[in-house]
Amino acid sequence: MNRFVVPPMPRQARRPELRAVSRLLAVLICCSLGAPAQKITHRGDTGTPFSTRATHLLGFANARNNSTGTLSVEDDSLQFQQSGKPGAKVKIALVRDVFLGAESKQVGGLPMTLGKTAAPFGGGRVVSLFAHKKYNTLTLEYVDADDGIHGAIFQLAKGQGELVRNELIAQGVTVSSHQDQSTKESPREARHEN
């Protein structure tokens, strides 16, 4: 009673067009995953103002701390503009130094933390790999009209900080070659480490 009425077809003869379509879909998916990594931003025209989304952490006089807006390099000034509010400007000639840093922060909040602890067999460590967002911090040191030294710190998307720094360098800002003091060992620390 358990016999086939139609004999089964060999595995190779089952819909060759389906195999071709599945291979094509696999190639398209692989290409679409690699396409965002190949995005290159060039600024050939220096006459147009450069702008990017940024978070002003602190430092500009007329901007609120931890506010989101647009950081732009226009003509001879660096401007941070919040939506619907007057912008804070600094002349590029008054900028003394630019520092660039890379940071990461955990995203997802309490639900992500609970998910990491509930993952079996150490799976929370794998979840932690994907639960971080990377960003750049851009720190400016500038002088006001009364020769007072000020600083401003901005948080930008990863890669955007370097673009702003390069734009400021192209406008004439000199960047000193300071190294991060926390990564350098002093001779005293190296001697007493053993």
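Predicted model only: the values in this text are computed from it and were never measured.

Once that is clear, we can look at the nonpolar core. Judged by nonpolar contacts, the single largest core of 22 residues is most densely connected at Phe 60, Leu 71, Leu 138, Leu 140, Phe 154 and Leu 168. Put simply, the parts of the chain that give this core at least two residues each are strand E1 (50–58), strand E2 (67–74), strand E3 (77–81), strand E4 (88–91), strand E5 (95–106), strand E6 (132–143), strand E7 (149–157) and helix H4 (160–170). In this view, Phe 154 contacts Thr 55, His 56, Phe 60, Leu 71, Phe 80, Asn 136, Thr 137, Leu 138 and Leu 140; residues no more than four positions away in its chain are not counted.

Here we come to the pairing of E4. Residues Ala 88 and Val 90 point to one face of E4 and are all buried, whereas Lys 89 and Lys 91, pointing to the other face, are not buried. Here 4 bridges tie E3 to E4, and the two strands are oriented antiparallel to one another. Residue pairing for E4: Phe 80 is matched across the bridge by Ala 88. In sequence, E3 turns back onto E4 through a hairpin of 6 residues, with Gly 84 there showing a positive phi of about 80°.

Let us now look at the pattern of salt bridges. The tally for this structure, following the rule as stated, stands at 2 salt bridges. A salt bridge links Lys 91 to Asp 76, with the nearest nitrogen and oxygen atoms 3.4 Å apart. Placement of Lys 91 in strand E4 and of Asp 76 in the loop between E2 and E3 is noted, with a sequence separation of 15 residues between them. Across the pair Arg 96 and Glu 141 runs a salt bridge, and its minimum N-O distance is 3.6 Å. With a gap of 45 residues between them, Arg 96 in strand E5 and Glu 141 in strand E6 connect regions that are remote in the sequence.

A contiguous nonpolar patch, built from Val 126, Leu 129 and Phe 130 and spanning about 370 Å² of accessible area, is present on the exposed surface. Note on placement: Leu 129 falls in helix H3 (residues 123–130). Looking at Leu 129, the relative accessible area reads 64%, which means it is exposed.

This next bit is on the packing of aromatic side chains. Taken as a whole, this structure holds 3 aromatic pairs when the rule is applied. A ring pair is formed by Phe 60 and Tyr 142, whose centres lie 5.9 Å apart and whose planes are at 85°; its orientation type is edge-to-face. Of this pair, Phe 60 sits in the loop between E1 and E2 while Tyr 142 sits in strand E6, and the two are 82 residues apart along the sequence. For the ring pair Phe 60 and Phe 154, a centre distance of 5.2 Å and an interplane angle of 85° mean the geometry is edge-to-face. With Phe 60 in the loop between E1 and E2 and Phe 154 in strand E7, this residue pair connects regions lying 94 residues apart in the sequence. Taken individually, Phe 60 and Phe 154 each receive the classification buried, so the pair is uniform in this respect. One aromatic cluster is present, built from ring pairs that chain together Phe 60, Phe 80, Tyr 142 and Phe 154.

Let's shift gears to the side chain of Thr 137. Residue position: Thr 137 is located in strand E6. Apart from the residues within four sequence positions on either side, Thr 137 is in contact with Phe 99, Leu 100, Gly 101, Glu 103 and Phe 154.

Here we come to the sheet that holds E5. Across the sheet, 7 strands lie side by side as E4-E3-E2-E1-E7-E6-E5; this open sheet has antiparallel pairing. Every interior strand has two partners, whereas the edge strands, E4 and E5, have only one. Neighbour-to-neighbour, the strand axes of this sheet turn through a mean angle of 30°, independent of strand direction. Running at roughly 25° to E6, H4 makes contact with E1, E2, E3, E5, E6 and E7 of the sheet.

Rules and cut-offs
Residues numbered from 1 in each chain as written. Predicted model: local features only at pLDDT ≥ 70, side-chain atom pairs only at ≥ 80, totals over all residues. Heavy atoms only, no water. Core = buried A, V, L, I, M, F, W, Y, C linked by side-chain atoms within 4.5 Å. Buried < 20%, exposed > 50% of the residue type's maximum accessible area, 1.4 Å probe, protein only. Helix = DSSP H or I, 4+ residues; strand = E, 2+ residues; numbered from the N terminus. Contact = heavy atoms within 4.5 Å. Pairing = 2+ DSSP bridges. Salt bridge = Lys/Arg side-chain N within 4 Å of Asp/Glu carboxyl O. Patch = residues over 30% accessible without salt bridge, like charges linked within 9 Å, V, L, I, M, F, W, Y side chains within 5 Å. Areas by Shrake-Rupley, 256 points an atom, 1.4 Å probe, with all protein chains shown as cover. Phe/Tyr/Trp six-rings, centres within 6.5 Å; stacked < 30°, edge-to-face > 60°. Axes fitted to C-alpha atoms, helices over the stretch in contact; angles between N-to-C directions.

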